[in-house]
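A closer look at the structure
Chain by chain, the residues run as shown.
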Amino acid sequence: MTEMMEKKYDHIQAEADAQKLWEINDIYNTAHNPGKLYTIDTPPPTVSGSLHIGHIFSYTQADIIARYKRMNGFSVFYPFGFDDNGLPTEKYVEKKLEINAHALKRSEFIALCLQETQEVEKKFETLWRRIGLSVDWKAHYSTIDERSRFISQLSFIELYKKGFVYRKDEPALFCTTCQTTVAQAELDDLTKTSTFNDILFSCEGEPLRIGTTRPELLAAVTAVFYHPQDTRYTHLAGKMALVPHYNTAVPLLADDMVDPEKGTGLVMCATFGDKMDVMWFKKHKLSYKPIITTRGTFSEAAGALSGMRVASARVKILEILQNEGSLQRSEPISHSVNVHERCKKEIEYLILPQWFLSILEHKQAFIDLGNTIQWYPSFMKSRYINWVENISWDWCLSRQRFYGIPFPAWHCTECKAIVLADINQLPIDPQETPYTGICSCGKSSFTPDTDVMDTWNTSSLTPYITASLYTNELKTIFDEASLDSFIPMSMRPQAHDIIRTWAFDTIVKVWMHNKTIPWNEIVISGHVLSTEKEKISKSKGNSPLAPESLLAQYPADALRYWTASGGLGYDISFSDNQIAIGQKLLIKLWNAFRFAQPYITSTQTSENLGTVNEWILHKSSLCFSSYTAFFEKHEFNAALSTIEQFFWHDFCDNYIELIKDQLLNPAHYELQTVDATRSTLSEVGLKILQLYAPFVPHITETIYGLMYKEHHTESSIHLTKFSTLNKEYSFENSIVEMGSLLELISHVRRLKTEHQLSLKTELAELTVTSEQDSLIACLEKHTQLITTITRSKSLLIEKTANHYADLKEVQGVWYARVTL
């Protein structure tokens, strides 16, 4: 016997029951969803304590797409990862356990991190389940687990053998605060105050005025440049300039990269102040004068600045130059500088032995790949293209940190040759496992590589990590046969701020391994903004409410409704009002289906439907057509608006009201008419639940279980398919007739509202006039419907040119006249 719906929707119980159903029946396993494979490269959230509302926003949007695809006939593989490979996890575990990671072996600390982050990952998983993510939780990974370490090291070995990876003593971006090299993609631009200083160099007694913002680098100056066509300085060719205070002589050189209109037209080149210094250093084979240490302090080579940090050294050298008469001018400025995105401190350029991935020579290939991928929204592709066009460094893979995935390499102490681990040894830490072979030079003494990989080096391999979960292949994961057409994946959902890192790096890696794109589509979400219009993030601590608090305050489906209101690629403010609208929807869905429940039938829709039923079926087909068209472009917010219009206006405001008398008073109608209405109500109701299911999965699952499950083989509405339950209807004549009837009903409702009457107020007589014979025939055909819905005791239809729109009271009785 069917359980009757309670008067009020209990979202707490409904959510718990739905989530239990999904888990017990393993609803989101691909085995239960046969069809063409649709794979999702889900972004793994950083495991460092907590999530914020921004995570709810972006991950729910991806889930809405996943649910739609599953109901549209695809076998959706929706795995999930946790990013616990990096500084945030290292600091989190150190702080929690009050330990120093360096006091342990790296393998011991990794094991400890995996153990400690399990608790956080379980907390995250519980939250994602509560919000209704349709993830296959049996297919999960962490970016530091054995699987990910194996694939990261195997990728490194394969790309080294292919010639994409190289090791070199090379100028590299270095964060002296975090004590590690960083990639160009890890830089932010930050406006800072400083001074612009005119300093006097000299050449054979001739003063040379040079402007610079980095006077503290005078000890590292290796050349002075001018433009080859700048006649002010062409006479200096072949001469030497004397650096003030340090009295070192450096060559005066011509280079067309100098802007003669900027400053005095003379530029000092130090090792290193910026990337232009690096370029000139390489181009002109200049000497290297390192004066800043990896600790961010000046070495003894800087003389009086020795032991100082950059800011203090800058003040000190300006004092010295002022006293020596070499400082002509010093003016305060604000300018943009490169900072490490994590600590927001300025970076330096140091020459260190580093592992690099060769990307500069392949930039056009990466642009072509970007043009092959479908971007949603499309304008986000320009961010990717602009990034690739402006890359000026190969990707530095090395990081001088303790926690991370080590490079599986050793270095011969005699000839410096590089030897790599065997695949059967992976994952391996060369600092813990000595190399036991013989070098090609005949020696057997090796030093282990001590660096770890950039975390993006592993994150860029998520298509292969998820492929290994699906195919159960590992050692041959980069082989075409093992991938079994898994790559390109179907979709990558991610935020716009990591296009330059995660998106670009993944495109690079998959092309280098398999000469293809990583996914067919990339779906870019926006950020949730705080009240200060800043991106909400854990590091800023500016989230208005924790997700757990929001879920204690609102139904999960109401939060999902809010996320669906935001379009792809656009930032959105947290909105209590939008969540409140979502709550109203849940109440309306419950009440509408609670009314319909006693009349739901498994009987198929008959042929003799009648105008009203034909109209709603036709409208439902139009709704479904628009809905799917929007979803295929990932415009789920527009798809939601489409079903909203149909449900609230067509179904609730009109259809339910039009058929209510048939259902409540069936004896007044022919049995065939009532049966047709009940079967139509049942069919359209299920279609409404299906179309809402990707957005509000809990309430739709609950209503389906109470009203439809006994009539269908699918244990969950999320296993039903649009193709099997959505028939296409076309009843153009009924659309025209209903247009006229609804116009009449609207006129009567407006008249009652204007006179502050209840819509249930009875009319003694309703007079309807028109000049059109076809319209009069339509009205005469539906007299019972018109009198019932307008609550009129008498209906008078007249053909006349007169126009009326009035409502009068005569001796306590109301009369209305309306012209169509």
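Up top you'll find the structure we're talking about.
Predicted, not measured: the structure shown is a model, and the values here were computed from it.

Let us look at the overall build of the protein. Counting its secondary structure elements, the protein contains 24 helices and 29 strands. Since a compact globule built from 820 residues should have a radius of gyration of about 28 Å, the 35 Å found for the protein marks it as more spread out than a globular shape. Within the protein, contacts between residues at least 6 apart in sequence are counted, and of these 77% link residues at least 24 apart. Total accessible area computed for the protein in this model is approximately 34,900 Å², and 49% of it derives from carbon and sulfur atoms. Positive and negative side-chain charges of the protein, numbering 80 and 98 respectively, have mean locations separated by a distance of 3 Å.

Counting 120 residues, the largest nonpolar core has Trp128, Leu589, Tyr627 and Leu681 as the members making the most contacts within it. Setting aside its immediate chain neighbours within four residues, tryptophan 128 contacts Pro45, Leu51, His55, Ile56, Tyr59, Phe80, Leu133 and Trp137. Counting residues in hydrophobic clusters, the runner-up holds 74 residues, among them Phe150, Met380, Val419 and Ile465.

For helix α16 (residues 576-596), built from 21 residues, the straight-helix expectation of 30 Å at 1.5 Å per residue is met to within 8% by its first-to-last C-alpha distance of 30 Å. Every buried residue of α16 is accounted for by Ile579, Gly582, Leu585, Leu586, Leu589, Trp590, Ala592, Phe593 and Ala596. For α16, the secondary structure elements touched by its buried residues are α15 (556-564), α18 (636-664), α19 (671-692) and α20 (697-707).

Our next topic: the pattern of salt bridges. Applying the stated criterion to the full structure yields 35 salt bridges. With a closest N to O distance of 3.6 Å, glutamate 90 and arginine 401 form a salt bridge. Placement of glutamate 90 in helix α3 (residues 87-97) and of arginine 401 in the loop between β17 (398-399) and β18 (409-412) is noted, with a sequence separation of 311 residues between them. With a shortest N-O distance of 3.0 Å, arginine 817 and aspartate 806 are connected by a salt bridge. Placement of arginine 817 in strand β29 (residues 813-819) and of aspartate 806 in strand β28 (residues 805-810) is noted, with a sequence separation of 11 residues between them.

Attention shifts here to unusual backbone geometry. Between threonine 271 and the following residue, phenylalanine 272, the backbone shows a cis peptide bond with an omega angle of -5°. In this structure, proline 377 follows tyrosine 376 across a cis peptide bond, with omega equal to -5°. The residue proline 377 is located in the loop between β15 (374-376) and α9 (380-389) in this model. Non-glycine residue lysine 344 carries a positive phi angle of around 65°. As for its position among the elements, lysine 344 is in the loop between β13 (327-340) and β14 (348-357).

With that settled, consider the side chain of glutamine 494. Topologically, glutamine 494 is positioned in strand β22 (residues 489-495). Within the structure, the side chain of glutamine 494 is placed 3.2 Å from the backbone oxygen of isoleucine 498, a separation counted as a polar contact. In this view, glutamine 494 contacts Ile499, Trp502, Ala503, Ile522, Val523, Ile524 and Ser525; residues no more than four positions away in its chain are not counted.

When the terminal C-alpha atoms of α18 are compared, their 37 Å separation across 29 residues is substantially less than the 42 Å that a helix rising 1.5 Å per residue should span. Maximal helix bending in α18 amounts to about 40°, located at isoleucine 656.

Before going further, it helps to examine the sheet that holds β28. With mixed pairing, 4 strands are arranged side by side in an open sheet as β27-β26-β29-β28. The sheet is open, and its two edges are formed by β27 (795-799) and β28, each paired on a single side. Here the strands of the sheet are splayed against their neighbours by 15° on average, with no regard to which way each runs. Note: β28 against β29, 6 bridges, orientation antiparallel. What sits directly across from lysine 808, in β29, is tyrosine 815. Across the sheet, helix α23 (residues 773-781) lies against β26 (765-770) and β27, angled at about 165° from β27, the strand it touches most.

Here the focus is a nonpolar patch on the surface. The grouping of Val810, Val813 and Tyr815 at the surface amounts to a nonpolar patch, some 220 Å² of accessible area in total. Here valine 813 lies in strand β29.

This next bit is on the sheet that holds strand β20 (residues 446-448). Read across the open sheet, the 3 strands follow the order β19-β18-β20; overall the sheet is antiparallel. Both outer strands of the open sheet, β19 (418-420) and β20, are each paired with one neighbouring strand and no more. Mean inter-strand twist for the sheet, computed between neighbouring axes without regard to direction, equals 35°. In this sheet, β20 lies alongside β18 in antiparallel orientation, the contact comprising 3 bridges. Bridge pairing in β20 links tryptophan 410 to proline 448.

Conventions adopted
- Residues numbered from 1 in each chain as written.
- Predicted model: local features only at pLDDT ≥ 70, side-chain atom pairs only at ≥ 80, totals over all residues.
- Heavy atoms only, no water.
- Helix = DSSP H or I, 4+ residues; strand = E, 2+ residues; numbered from the N terminus.
- Rg over C-alpha atoms; globule rule 2.2 N^0.38 Å.
- Contact = heavy atoms within 4.5 Å.
- Areas by Shrake-Rupley, 256 points an atom, 1.4 Å probe, with all protein chains shown as cover.
- Lys, Arg positive; Asp, Glu negative; His and termini not counted.
- Charge placed at Lys NZ, Arg CZ, Asp CG, Glu CD.
- Core = buried A, V, L, I, M, F, W, Y, C linked by side-chain atoms within 4.5 Å.
- Buried < 20%, exposed > 50% of the residue type's maximum accessible area, 1.4 Å probe, protein only.
- Expected span 1.5 Å × (residues − 1).
- Salt bridge = Lys/Arg side-chain N within 4 Å of Asp/Glu carboxyl O.
- Polar contact = N/O pair within 3.5 Å; in protein donor to acceptor, adjacent residues only side chain to side chain.
- Bend = angle between axes of the 7 residues up to and from the residue.
- Pairing = 2+ DSSP bridges.
- Axes fitted to C-alpha atoms, helices over the stretch in contact; angles between N-to-C directions.
- Patch = residues over 30% accessible without salt bridge, like charges linked within 9 Å, V, L, I, M, F, W, Y side chains within 5 Å.

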